[in-house]
6 protein chains.
Amino acid sequence: MLLHLSTWQEVETYLQQSGGIIIPIGSTEQHGPTGLIGTDAICAEAIARGVGETTQAIVAPTINVGMALHHTAFPGTISLRPSTMIQVVRDYITCLAKAGFSKFYFINGHGGNIATLKAAFSETYAHLDDLQIPNAHKVQCQVANWFMCSSVYKLAKELYGDQEGSHATPSEVALTQYVYPEAIKQAPLSSEVGSGHRIYGAKDFRQYYPDGRMGSNPALATPEHGKQFYELAVKELSNGYLEFLSAE
Amino acid sequence: MLLHLSTWQEVETYLQQSGGIIIPIGSTEQHGPTGLIGTDAICAEAIARGVGETTQAIVAPTINVGMALHHTAFPGTISLRPSTMIQVVRDYITCLAKAGFSKFYFINGHGGNIATLKAAFSETYAHLDDLQIPNAHKVQCQVANWFMCSSVYKLAKELYGDQEGSHATPSEVALTQYVYPEAIKQAPLSSEVGSGHRIYGAKDFRQYYPDGRMGSNPALATPEHGKQFYELAVKELSNGYLEFLSAE
Amino acid sequence: MLLHLSTWQEVETYLQQSGGIIIPIGSTEQHGPTGLIGTDAICAEAIARGVGETTQAIVAPTINVGMALHHTAFPGTISLRPSTMIQVVRDYITCLAKAGFSKFYFINGHGGNIATLKAAFSETYAHLDDLQIPNAHKVQCQVANWFMCSSVYKLAKELYGDQEGSHATPSEVALTQYVYPEAIKQAPLSSEVGSGHRIYGAKDFRQYYPDGRMGSNPALATPEHGKQFYELAVKELSNGYLEFLSAE
Amino acid sequence: MLLHLSTWQEVETYLQQSGGIIIPIGSTEQHGPTGLIGTDAICAEAIARGVGETTQAIVAPTINVGMALHHTAFPGTISLRPSTMIQVVRDYITCLAKAGFSKFYFINGHGGNIATLKAAFSETYAHLDDLQIPNAHKVQCQVANWFMCSSVYKLAKELYGDQEGSHATPSEVALTQYVYPEAIKQAPLSSEVGSGHRIYGAKDFRQYYPDGRMGSNPALATPEHGKQFYELAVKELSNGYLEFLSAE
Amino acid sequence: MLLHLSTWQEVETYLQQSGGIIIPIGSTEQHGPTGLIGTDAICAEAIARGVGETTQAIVAPTINVGMALHHTAFPGTISLRPSTMIQVVRDYITCLAKAGFSKFYFINGHGGNIATLKAAFSETYAHLDDLQIPNAHKVQCQVANWFMCSSVYKLAKELYGDQEGSHATPSEVALTQYVYPEAIKQAPLSSEVGSGHRIYGAKDFRQYYPDGRMGSNPALATPEHGKQFYELAVKELSNGYLEFLSAE
Amino acid sequence: MLLHLSTWQEVETYLQQSGGIIIPIGSTEQHGPTGLIGTDAICAEAIARGVGETTQAIVAPTINVGMALHHTAFPGTISLRPSTMIQVVRDYITCLAKAGFSKFYFINGHGGNIATLKAAFSETYAHLDDLQIPNAHKVQCQVANWFMCSSVYKLAKELYGDQEGSHATPSEVALTQYVYPEAIKQAPLSSEVGSGHRIYGAKDFRQYYPDGRMGSNPALATPEHGKQFYELAVKELSNGYLEFLSAE
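In the annotation of an unreviewed UniProt entry, the entry for chain A reads Amidase, and the organism field reads Chlorogloeopsis fritschii PCC 6912. Under the Sequence similarities (unreviewed entry) heading, UniProt states for chain A: "Belongs to the creatininase superfamily." Per UniProt, chain A carries the Cofactor (unreviewed entry) text "Zn(2+)".

1. Overview of the interface of chain D and chain E
Contact residues are listed per partner, giving 30 residues for chain D and 30 residues for chain E. For the pairing of chain D and chain E, the buried interface totals around 2400 Å² over both sides, and the portion due to carbon and sulfur atoms is 58%. It is Glu123, Tyr200 and Glu248 of chain D in chain D that bury the most area against chain E; as a group they hold 22% of the surface buried on that side. Summed over the shared surface of chain D and chain E, the number is two salt bridges. Among the ionic pairs, Asp129 of chain E bridges to Lys203 of chain D, the shortest N-O distance being 2.9 Å. Summed over the shared surface of chain D and chain E, the number is eight residue pairs in polar contact (both at pLDDT 80 or more). For the side of chain D that touches chain E, the secondary structure elements donating two or more residues are helix 3 (82-99), helix 4 (114-131), strand 4 (140-145) and helix 7 (202-208) of chain D.

2. Concerning the relation of the copies chain A and chain B
Once chain A is rotated about the relating axis by 180° and shifted along it by 0.0 Å, it coincides with chain B to within an RMSD of 0.0 Å. Such values leave the two copies arranged in the relation of a two-fold axis. The position closest to the rotation axis in chain A is occupied by the C-alpha of Thr84 of chain A, lying 3.4 Å away. The residues that chain A uses at the interface reappear at the interface of chain B in 100% of cases, marking a shared surface.

3. Topic: the interface of chain A and chain B
Facing 50 residues of chain A, the contacting portion of chain B comprises 50 residues. Both faces considered, chain A and chain B share a buried interface measuring about 4000 Å² in area, 64% of it formed by carbon and sulfur atoms. In terms of surface lost to chain B, no three residues of chain A exceed Leu5, Trp8 and Pro75 of chain A, which account for 18% of the buried area on that side. Put simply, Lys185 of chain A and Glu10 of chain B hold a salt bridge, and the shortest N to O gap is 2.9 Å.

4. Description of helix 2 (residues 39-55) of chain F
Residue and element names in this part refer to chain F. In this model helix 2 runs 24 Å from its N-terminal to its C-terminal C-alpha over 17 residues, within 8% of the 24 Å that 1.5 Å per residue would give. Counting buried positions along helix 2 gives 13 out of 17 residues, so the element sits mostly inside the fold. Gln56 lies just past helix 2 and shows a positive phi near 60°.

5. Overview of the pairing of strand 3 (residues 103-108) of chain D
In the case of a regular strand, side chains alternate between the two sheet surfaces. Residue and element names in this part refer to chain D. Most of strand 3 is tucked away, with six of its six residues classed as buried. With burial as the criterion, each face of strand 3 is covered, one bearing Lys103, Tyr105 and Ile107 and the other bearing Phe104, Phe106 and Asn108. Where strand 1 (residues 20-25) and strand 3 come together, six bridges link them in parallel fashion. When the sheet's bridge partners are listed, Ile23 is paired in strand 3 with Phe106. Relative to strand 4, strand 3 runs parallel, the two being bridged by six bridges.

6. With respect to the nonpolar core
Counting residues in each nonpolar core, the largest one holds 444 residues, and the members touching the most others are Phe104 of chain A, Phe104 of chain B, Phe104 of chain C, Phe104 of chain D, Phe104 of chain E together with Phe104 of chain F. Residues contacting Phe104 of chain C, with those up to four places away along its chain left out, are Ile21, Ile23, Ile93, Leu96, Ala97, Val139, Gln140, Cys141, Gln142 and Phe244 of chain C.

7. Let's talk about the arrangement of the chains
Over all C-alpha pairs, chain A and chain D never come within contact, reaching a minimum spacing of 17 Å. Nowhere do chain C and chain F come into contact; their C-alpha atoms are at least 17 Å apart.

8. Points about the relation of the copies chain D and chain E
The transform that puts chain D on chain E rotates by 180° and translates by 0.0 Å along the axis, for an RMSD of 0.0 Å. Taken as a fraction of all interface residues of chain D, those also at the interface in chain E reach 100%, which identifies the copy contact as same-surface.

9. Observations regarding the environment of His31 of chain C
Residue and element names in this part refer to chain C. Its location among the elements puts His31 in the loop between strand 1 (20-25) and helix 2 (39-55). Considered as a pair, His31 and Ala126 are 95 residues apart in the sequence and their alpha carbons are 35 Å apart. For His31, the residues in contact, after removing those within four places along its chain, are Leu36, Ile37, Thr39, Asp40, His167, Ala168 and Glu172. At 2.9 Å, the side chain of His31 and the backbone oxygen of Glu29 are in polar contact.

10. Focus: the sheet that holds strand 1 (residues 20-25) of chain E
Residue and element names in this part refer to chain E. Strand order across the open sheet formed by four strands is 2-1-3-4, with parallel pairing between neighbours. Both outer strands of the open sheet, strand 2 (58-59) and strand 4 (140-145), are each paired with one neighbouring strand and no more. Strands strand 1, strand 3 (103-108) and strand 4 of the sheet are contacted by helix 8 (residues 223-246), whose axis makes an angle of about 160° with strand 3.

11. Description of the environment of Tyr230 of chain E
Residue and element names in this part refer to chain E. Turning to its location among the elements, Tyr230 is positioned in helix 8. Residue classification places Tyr230 among the buried positions, given a relative accessible area of 18%. For the pair formed by Tyr230 and Leu220, sequence separation is ten residues and the distance between their alpha carbons is 17 Å. When neighbours within four sequence positions are excluded, Tyr230 is seen to be in contact with Ala46, Ile47, Gly50, Leu175 and Tyr178.

What counts, and where the lines are drawn
- Residues numbered from 1 in each chain as written.
- Chains lettered and ligands numbered in written order.
- Predicted model: local features only at pLDDT ≥ 70, side-chain atom pairs only at ≥ 80, totals over all residues.
- Heavy atoms only, no water.
- UniProt positions renumbered as here; feature names shortened; annotations may be inferred.
- Contact = heavy atoms within 4.5 Å.
- Buried area = accessible area lost by both parts, 1.4 Å probe.
- Salt bridge = Lys/Arg side-chain N within 4 Å of Asp/Glu carboxyl O.
- Polar contact = N/O pair within 3.5 Å; in protein donor to acceptor, adjacent residues only side chain to side chain.
- Helix = DSSP H or I, 4+ residues; strand = E, 2+ residues; numbered from the N terminus.
- Least-squares fit on C-alpha atoms with pLDDT ≥ 70 in both.
- Expected span 1.5 Å × (residues − 1).
- Buried < 20%, exposed > 50% of the residue type's maximum accessible area, 1.4 Å probe, protein only.
- Pairing = 2+ DSSP bridges.
- Core = buried A, V, L, I, M, F, W, Y, C linked by side-chain atoms within 4.5 Å.
- Axes fitted to C-alpha atoms, helices over the stretch in contact; angles between N-to-C directions.

Pasting the structure below:
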């Protein structure tokens, strides 16, 4: 059930059955010479919808733009500052919690979002408590990173070994190829690829990762791989969501 | 050209030709018993993509959640506070202006966004000036509201007369029916519909507009109407975008 | 009844009769070579006091400085950023709502304030609701722009035609001449005056409107015209205020 | 020279002679049963204009609403939160410093503003330095509290002794009587008046100072006293302003 | 009783006896060629612990970094902006007030903190009132500046006369020598020392106070003096704290 | 070299050799019936000083209060909100980076700080870039969590197995016993201890972890263990710091 394709009365009915909601969150950032700028949002959205179908959960509109400040030296990247993103997440959860939602499952496509999301959850729990919303103490948020699913990780290692890298990875590129086969990109990829440098500011990032990839070889990606990743992630995160729902 | 389906190198190439970008912005809010919660985002996104194709402009990911605080007494509505939205818009434009974009054309699907968007533009111009970004003084933003296009307005009056109303209108519902024919909703619509009350807070809104409609009869909507609205809006806003680009 | 010339006990008594308050809001910004920097505040204040007398309403101190960032390339302009102004308006209304006021009628002298004021109202309604103030859901705010009164607009067209322009207009200059005849300014006015360029940032504004006027010829203004504008605006906004008070 | 009655070109000319500006700041808060809610703004404005005339300085519009949170349990009080006021002062000074002003002399009518003003000055110096405004390091701000002028203090002691008190004092009431003789109020004043309790929150304040006065007997005030206070303050602060201007 | 060396159950027990807490606050800022960067925090902490022992009060961890923006042109200085510090103090007090504390006694070692602390208290009282914390109206905060104790001031005048100065004073240096005899510094001190210039921005400060001292001769300091200052301050502030506790 | 026991001239000299600084960060939060409220700050500070001695690095004053909102249902806990902590960290780094520091090594004692610290680093890199500080692009920050040192982790497992738990752990309690043997606490510890529940809001936390421990048995701690942990952490983090310094 997709929130944006539902009516408010359907949501009202849904809330009589469940307080859970899935919120896909991605990023709009460079993903190397062949990766789509929307990669993280595309993956998160596709998987979230799959999980929603599997579990009968409602799926919110995707947060397309996340915390990608370190990619902003590449054109096309859009990022929120962490302080902005905390307010955004707080606003989302506050609206939904007032309506009766209590279990917020963020299916996340971007490692750079994790820290700020967790900070935002803490900020929000305290805010809801201050508002004295009736169910404030029942509100629970969780980040579920599809790329950290053990089944996904295992397959990526099998298929790509060290060439999986950590940004603009073949696994995420494969998933976008599966979702958007019409947008598969070709571009020369240097065999030398930056790796091993930690992430600091945007200019520093671009200096050490000049084409945007971090140790990855996205040329290995295929749409068929993407389908496999999609199915593994949907399965694992569907279980994750159901456990989250049923846990106290 | 869709930003999320492009690579950063494609964006770099694009910027050699144009500094323009289209940013669809909608809302996630109740639209009456039969209107989709995503109506405003769906319309803005569909039209923005049409305009992008017509004008060869790049189209950013849709801002799905806008300023809809007055709808938050209905479940499923998600809103940013204006102060949050100002920061979001500032962050978007700042990232893109640093990369070289200078003409920001927001195709907007929600009347409630207009004031905050304009406030955000003012905030952002001053911010960019403070940052001493080289092209700061060239940055220009514009809100283009598809539902205020004269051709759209005229057709809506012809088709629906007073039953167009001002929220959950048959014209916007028609457009979503055209885009998502699989999500056409049926629900009883009272012949008595709230109208004539100004918009204040969320509880006040729900009191005067109990089913969420404002003077509208969305039962008049058809997908065929939606196609007409879509084409009129794309044509008129494509012209608007091109004028914006070519103006000093 | 002027708030600043009242005692708190008089306010307490007033509140037993009425929950309405008039808040004049202007701006401190360039108004061309002959317009006063305080034009917008002067007009708003004078009219607000007239309306207050006519309707027995209490009138708050004038907000002298508003959102005029686009005028800041001219010396003497002072502006709040929109994000600051939202907090200011929120603080005003919150204090007054806690005391029992519920109908806030902002008589506004500056077009540039409108968007931020509306954003501030939305922010404030939600804030009051969060505070659980007893009468939060009854709080209503309205912007009444004297220069948009139909009677004012009509007279301006009659007297000045196209030379009314849209900033440093003869109508507003006339009104200040009526209020401050001792401060009527003389300065050469080029017959070429900028017009037709939209408003973006401050440097851009000054480039296209080099002496600060927007398509106007304030040399046409006379104090007698000012008196007429004053009387029309007071009459029309007094009716507007009374309707606002009596509406649900 | 009053900023609001000047044109931007007059300000431009003024700046060739002087970088100084006087900013009156008051408060909108209860002043006991007979004191005007605008007392602090009225006094600051009147004295500031007197100082402006004496010293040929430009005088900005009065900041009518300051930091008066502790008075908000009395109806009619309006206060900014300190965090808001810091942003307001920062915005004022930033606009004016960009235009070339460098010496900001705040003539203040309210003790409760002092701490926040000082905090705002610190915040602003750092902000201007970050903006790399050419004259950032020359910007200097000072608070001049008229009620702390030694000549004023001495006269108040002579006239009223201990009945001067510390809020709704006869000296400030006298000054408002001199400025607004038509608004002299009569109301019964209990001979028992709260005193000696420090200032904390708003409810605590009202509990210990039930009619709003702090140890004062404003019944002693006369317009003639007010004239004396006015003249002493103008003289002393004119000297203060000139010293400030000439100091490095 | 030191909060950081206590358990939460000990705090729970303490709260059955007392709602008072002592919060030392200092600064991390240059103190001339021989003064320690931590001077203000060291003094505040030592005295606060002495007062805590004398009065059986609980002592919170020291706020080491305060408002020292005007010292930031000297390396090693760390400062919060006032707007940040207000949020910090608000967060501290809010947590502790929710737990039952109501009397907050800030023992302060830095003049530059005073204004921002007072602003923060006002902000916090209003915030607590908005949160509807049960004991919100009982929360009281006080700043106690050890260097303004009359006994301290008197001794400093006796020992150093005018060479006490107002920053990097021999009295505070002496106190740090008493606390950290192992960190007594030797460095050439010019006999010419800046004085008489008011405090504005950081660059201006360093220009007029090139070695960081303000009119002081810290070479006069001895650890024995420090012991005397310590004992006087502890005694006077212990009385101050007990009066604060017992006052309504 | 401890910053608070240094002079600004010593810092100036230090900066000619190194741009590195160690910033200990802890928390002020409940640590079960026998753990000190200051545990995380005590551990971080002790280890940071050890690392500073080993590596000749300068050590800043400890940030005593961090992000511990989930512990605030226990008295004595003090927490910053994440949005506040981001501003605090931004202010610290900005001051120090302007002075020439470029490598910021946060030795952290509290898991709850990690997300917010990382968010703060991202916010700060972008801020420094906006400020156009000369060395902005060289600024690098790292969080080093002593309790995640592999040597520490290994010893904890050896000594305590599963009874290490994840909050109020015997390893951190042991370390505080080593540092403050005079503050070793005795209290009954239920053999039933909460475990396995994720961290959400404060009330939820206390419900599932009623005495504050998370799966731990701190009764196993001894000061001798603490010494071992201390030495392992100092050794491992000294190497970590030196690697950080020498890395590009």
